[in-house]
Structure formats: structure tokens, C-alpha cells
Amino acid sequence: MIRILHTADVHLDSPLRSLALRDPELRDRVRTSSRTALTRIVDTALAEEVAALLIAGDLFDGAERSARTAAFLTLQLERLRERGIRVFYIKGNHDAENPLTGELSFPDNVHVFDGRGGKVQLAEGVWIHGVSFSNRHAPESLLPRFPAPVEGAVNIALLHTSLTGAEGHDPYAPCTVGDLTAAGFDYWALGHVHRRQVHSKAPWIVMPGTPQGRDIGEPGPKSATLLTIDKAIEIEEVPTSAVEFLHLQMDATDTDNDDALRDMLRRTLRDTARNLVSESAVIRLQLTGRTRRRWQVLRDQDVWKEAAAQYARETGTLWLEKVVFDLSDTAEPGHSATDELAGIMKTIREEPGFSETCRAEIEGILQELAPQRRAELLPDEAAMDQLARRLAEAGADRILARMKGATP
């Protein structure tokens, strides 16, 4: 029996991105979360006495250069070397642009596949294959560079790829699940897409996901994949993340007063803390449901945001990133002054001139930011239009909440 651990997209020393990180306690706790994830991967490798650790690309994060990153990584690799555990590593798109990958001298238990591709025997009847990115972009499939599987052996292949494309990811080394299946390997150790996916079980085609999420767009606990090779290959997830990002919904339909809503908030957050897989979590809370108190809650939303943040901190493991108020009103639409005002504001929002004014205001604010940050926040015209529309709707709701929330 042979065990192998598979990970990818560590993005070592990449910072987490969240407004909740303004809290100094959380910032101190998670600033080295990618290191914690890698340490847990190595701890698991040692505890499970694996024969090898597979790193399917993006061990590093972009062009960042740090001697401390190199020293920390070397220490972890040496821990594996002391126990005779081999490491097989392919460079992904982020590794290919990172200067450390060209300068760092890895311990001799680490084999780095180059862009020409190759294969290495791990044990009797087990071969590891891999192809690295030669540069940041790989617009064509890398499959032709793989050597043929060894007949009569278990063949494991490392590939950094977006497959046929994934939301939020540019196309890299494109190929299909059918292409991988036809190649004749027993296990495809993939990397690049940060969400865990098992695309096939015969053969195994596994995208392990990132071992540590970096923002609310990478929610949930993260993991690595442990392979056990006996008569067949079996896999299991092993947890790795120090902090997880969570989308949390709470239905406020049955809360007809402030005490009931406070009790539900506190109970929901405590239950979430008890069920965490990781040590800590950053929460985006969405309040939903139909309630006659919608406008009172919206009127006092700053108070409710602070209350939710305090209840989260009380758990010792949760931090609040944002509260989204998605409440609806039980009252029937009428012909009151506020209803007429709501209709007028809706009409104004739909006028081209108003939209242009909003865009001009947003662009003025964006000029205060660095170009790279502006591009991240609003990458295209559609994002600008969406932001202007969202801000206008939120502003209208604020006005209506002050008026309608004045009476129960």
C-alpha cells in the first residue's frame, strides 16, 4: 500500500482579502494563513507516512519576491526530506512569473518537472508524470508533452489547467475531461481552479482546490487530497485551511421585534462557530425573509451591522465581513406618499442622464486609487454599470427606510 498527498494553488504568502481584516486581532491571526495551510499539509504527509507530496502548480504567488518565503518553504521541504518523503512539483502560471522558482535551490527530495515533460519512478509499479509551465501563459494544451503511461504500472500525472474554462479563471493549458480520460493515466493530479472538484473516478481526475481561501469568492473549508494505492486508488479529503470564508443566510421572517432578531442573530452565529471546520471564519451574512419590520431594520441597519459584528466576535472564531439586507415587506403596495416617492425614484434611476451622473461620481472617486486597484474593483463597463445601479438602489432604500421606518 502506498499513500500520496496531492495539493495545488498554495499561493504561499499571498495575503487574504477582506474588509474584516481591518480588525487587528483577525489580521494578526490569519496573516500567515497560507503558511499554516502548507504546514498542515506537511504535518499530514508525516502523520500518514506518505511516499510523496504532489504540488500541481502555483506554489508561489505571482511576482512577489521574499527571502522569508523561500526560507519557510525550504524548512517545510526539509521536514519531508528527513522522513524520506519525495516531492513532485510542476510550475503553474504564477510560479512561471515568480523569480524565486528560478533562484531557489530545493532540497534533493524535490523533483521539479520542466516544460518539456517527463516521468519519474516513485516505487515499484508507480510512476509520476508532469509538465511545467515554461512561462505565464499556456494558450495551448500541454497533453502532447506528456510521455506515454508505463504499461502494467500505476501512472499519476500532474497538470496545471483550467480544463475547458472556469469562472474567474483565464484559459490555461486547455483540455477536456475526455482528453484526460483518453490519455491512459490512472490519476490526474490537477491544479489551477481554486474550488475542489472530482471530475472523474475512472480514471481519477481531481482538482483539489486551494488549501487556503483568500477572499469571500473562495468560500468554505479548504483541503488537500490523500490517495491510497492498494489494489485500486481511493481518495479522501484532509482539512488544511486556517480560516474559511462563509456565506451565511438567516431568515428573519419570524422575528417580530428587536429582541427576537437579536436572539436569532446570536444563536445563528454561535451555531456556525460550533460547526466550523477551520479555526476561524470570515462571514458574509445575508438577512432574508418577509417581515413587516423591513423598513425599521433598514432604517437602523448600521446598528444591526454593529450588533452582528459584536455577536460574531463573542464566539472567538468568527468575524463579520458584511451584512446584506435582502428583506421584503409583508404590506401590500399602496398609494401613500412614500409609495409615490418610491415610484418617482425608480423612474429617475432608469433615466440615462441619472446613470451618467452616477458613473461620473464613481469615476471621480476611483481616480484617488492606484490603477491596479481600480482595475480589480471595476474591470469593465458592465461592472461600472452594475455598481452605479446597486448604489442608486441602496440610496433609495435608505431614504424610504427613514420615512417608512418612522412608524411600526
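One numbering rule holds for all chains: residues counted from 1, following each sequence as written. The model is predicted, so local features are restricted to residues of pLDDT at least 70 and side-chain atom pairs to those at 80 or more, both for listing and for counting; the totals for chains, interfaces and linings are taken over all residues. Side-chain numbers come from the whole structure's heavy atoms, not from hydrogens or water.

(A) Molecular detail of the environment of V30. Put simply, DSSP marks the helices as runs of H or I at least four residues long and the strands as runs of E at least two long, and each gets a number from the N terminus on. Within the secondary structure layout, V30 lies in helix α1 (residues 24-30). Think of it in three bands: residues with accessible area under 20% of the maximum for their type are buried, residues over 50% are exposed, and the middle band is partly exposed, with areas taken using a 1.4 Å probe on protein chains only. Taking relative accessible area as the criterion, V30 reaches 4% and is therefore assigned buried. For V30 and P15, which are 15 residues apart along the polypeptide, the C-alpha to C-alpha distance reads 8.9 Å.

(B) Summary view of the packing of helix α2 (residues 33-47) against helix α3 (residues 67-82). To get an axis, a line is fitted to the C-alpha atoms, and for a helix only the part in contact is used. The angle between two axes follows their N-to-C directions and goes from 0 to 180 degrees. Packing of α2 against α3 leaves a shortest axis separation of 9 Å and a crossing angle of 10°. Here α3 runs roughly parallel to α2, going by the angle between their axes. Residues R35, L38, T39, V42, D43, A45 and L46 of α2 form the contact with α3, whose own contacting residues are R68, T69, F72, L73, Q76, R79 and L80. Its residues assigned to classes, the contact of α2 with α3 shows 7 nonpolar, 3 polar and 4 charged. Angle categories are assigned with fixed cut-offs, so that under 35 degrees is roughly parallel, over 145 is roughly antiparallel, 65 to 115 is roughly perpendicular, and the rest are oblique. In what follows, a contact means two residues having at least one pair of non-hydrogen atoms within 4.5 Å. Three categories are distinguished: nonpolar for Ala, Val, Leu, Ile, Met, Phe, Trp, Tyr, Cys and Pro, charged for Asp, Glu, Lys and Arg, and polar for the others, with Gly belonging to the last.

(C) Molecular detail of the side chain of K222. Its location among the elements puts K222 in the loop between β10 (204-207) and β11 (223-229). Residues scored as positive are Lys and Arg, those scored as negative are Asp and Glu, and His as well as the terminal groups of each chain are ignored. Salt bridges are defined as contacts in which a side-chain nitrogen from Lys or Arg sits within 4 Å of a carboxyl oxygen from Asp or Glu. Although K222 is buried, it makes no salt bridge; E218 carries the closest opposite charge, 6.0 Å away. Throughout this description, a polar contact denotes any pair of N or O atoms lying within 3.5 Å of each other; where both atoms belong to protein, one of them has to be capable of donating a hydrogen while the other can accept it, and for residues adjacent in sequence the pair is counted only when both atoms sit in side chains. A polar atom in the side chain of K222 sits 2.9 Å from the backbone oxygen of P219.

(D) Up close: the packing of helix α7 (residues 258-274) against helix α9 (residues 301-314). Across the interface, α7 lies against α9 with an axial gap of 9 Å and an inter-helix angle of 35°. Where α7 crosses over α9, the handedness of that crossing is right-handed. Counted together, D258, L261, R262, L265, R266, L269 and R270 of α7 and W304, A308, Y311, A312 and E314 of α9 form the full contact between these two elements. For the contact of α7 with α9, a count of residues per class yields 7 nonpolar, no polar and 5 charged. Each helix crossing is assigned a hand: it is left-handed if the near helix lies turned anticlockwise from the far helix by less than a right angle, otherwise right-handed if that turn is clockwise.

(E) Geometry of the packing of aromatic side chains. By convention, a stacked pair of Phe, Tyr or Trp rings (six-membered ring in the case of Trp) has centres within 6.5 Å and planes under 30 degrees apart, an edge-to-face pair has planes over 60 apart, and any other such pair is tilted. Under the definition given, this model contains 5 aromatic pairs. Plain terms: the ring middles of Y89 and F106 are 5.9 Å apart, the flat faces sit at 75° to each other, and that makes the pair edge-to-face. Of the two residues, Y89 is situated in strand β3 (residues 86-90) and F106 in the loop between α5 (100-103) and β4 (110-112); the sequence distance between them amounts to 17 residues. Each member of the pair, Y89 as well as F106, is classed as buried. Members of the aromatic cluster, connected to one another through ring pairs, are F146, F185 and W188. Above the face of the W295 ring, R294 is positioned so that its terminal group lies 4.3 Å from the ring centre. Charge-over-ring placement is defined geometrically: NZ (Lys) or CZ (Arg) within 6 Å of the ring centre, and within 35 degrees of the ring normal.

(F) The side chain of H6, seen in detail. Within the element layout of this structure, H6 appears in strand β1 (residues 2-7). For H6, a relative accessible area of 0% translates into the label buried. Reaching out from H6, the side chain makes a polar contact with the side chain of Y187 at a distance of 2.8 Å. Those residues in contact with H6 that sit more than four places away from it in its chain are L54, A56, Y187, A189, L190, V206, P208, A224, T225 and L227.

(G) Geometry of the sheet that holds β10. With respect to topology, 6 strands assemble into an open sheet ordered β5-β6-β7-β8-β10-β9, the strand pairing being mixed. Among the strands making up the open sheet, the edge pair consists of β5 (118-123) and β9 (197-201). Going from strand to strand, the sheet's axes swing by 15° on average, the running direction of each strand aside. Sheet topology places strand β6 (residues 126-130) next to strand β7 (residues 154-160); 5 bridges connect them, and they run parallel. Note that in β7 the partner of I128 across the bridge is I156. In short, DSSP must find at least two bridges between two strands for them to pair.

(H) Examining the nonpolar core more closely. With 31 residues, the main nonpolar core has L265, I283, L285, L287 and L318 as its most contacted residues. Within the residue set of this core, elements represented by two or more residues are β13 (243-251), α7, β14 (280-290), α8 (294-299), α9, β15 (318-328) and α13 (381-404). Ranked by residues supplied to this core, first place goes to α9 with 6 residues. Each residue touching L265, except ones within four places of it in the same chain, is listed here: M250, L285, L287, W304, A308 and Y311. In plain words, nonpolar cores are sets of buried Ala, Val, Leu, Ile, Met, Phe, Trp, Tyr and Cys residues tied together by side-chain atoms within 4.5 Å. In this structure, L5, V10, A70 and L104 belong to the second largest nonpolar core, which totals 27 residues.

(I) Geometry of the sheet that holds β15. The sheet built from 3 strands is open, its strands ordered β13-β14-β15 with parallel pairing. The open sheet has two edge strands with one neighbour each: β13 and β15. With strand direction ignored, the average angle separating the axes of adjacent strands in the sheet is 15°. Bridge analysis of β14 against β15 gives 10 bridges, and the strand direction is parallel. Each bridged residue has a counterpart across the sheet, and for R284 the counterpart in β15 is K322. Lying over the sheet, α7 contacts β13, β14 and β15, oriented at roughly 145° with respect to β13.

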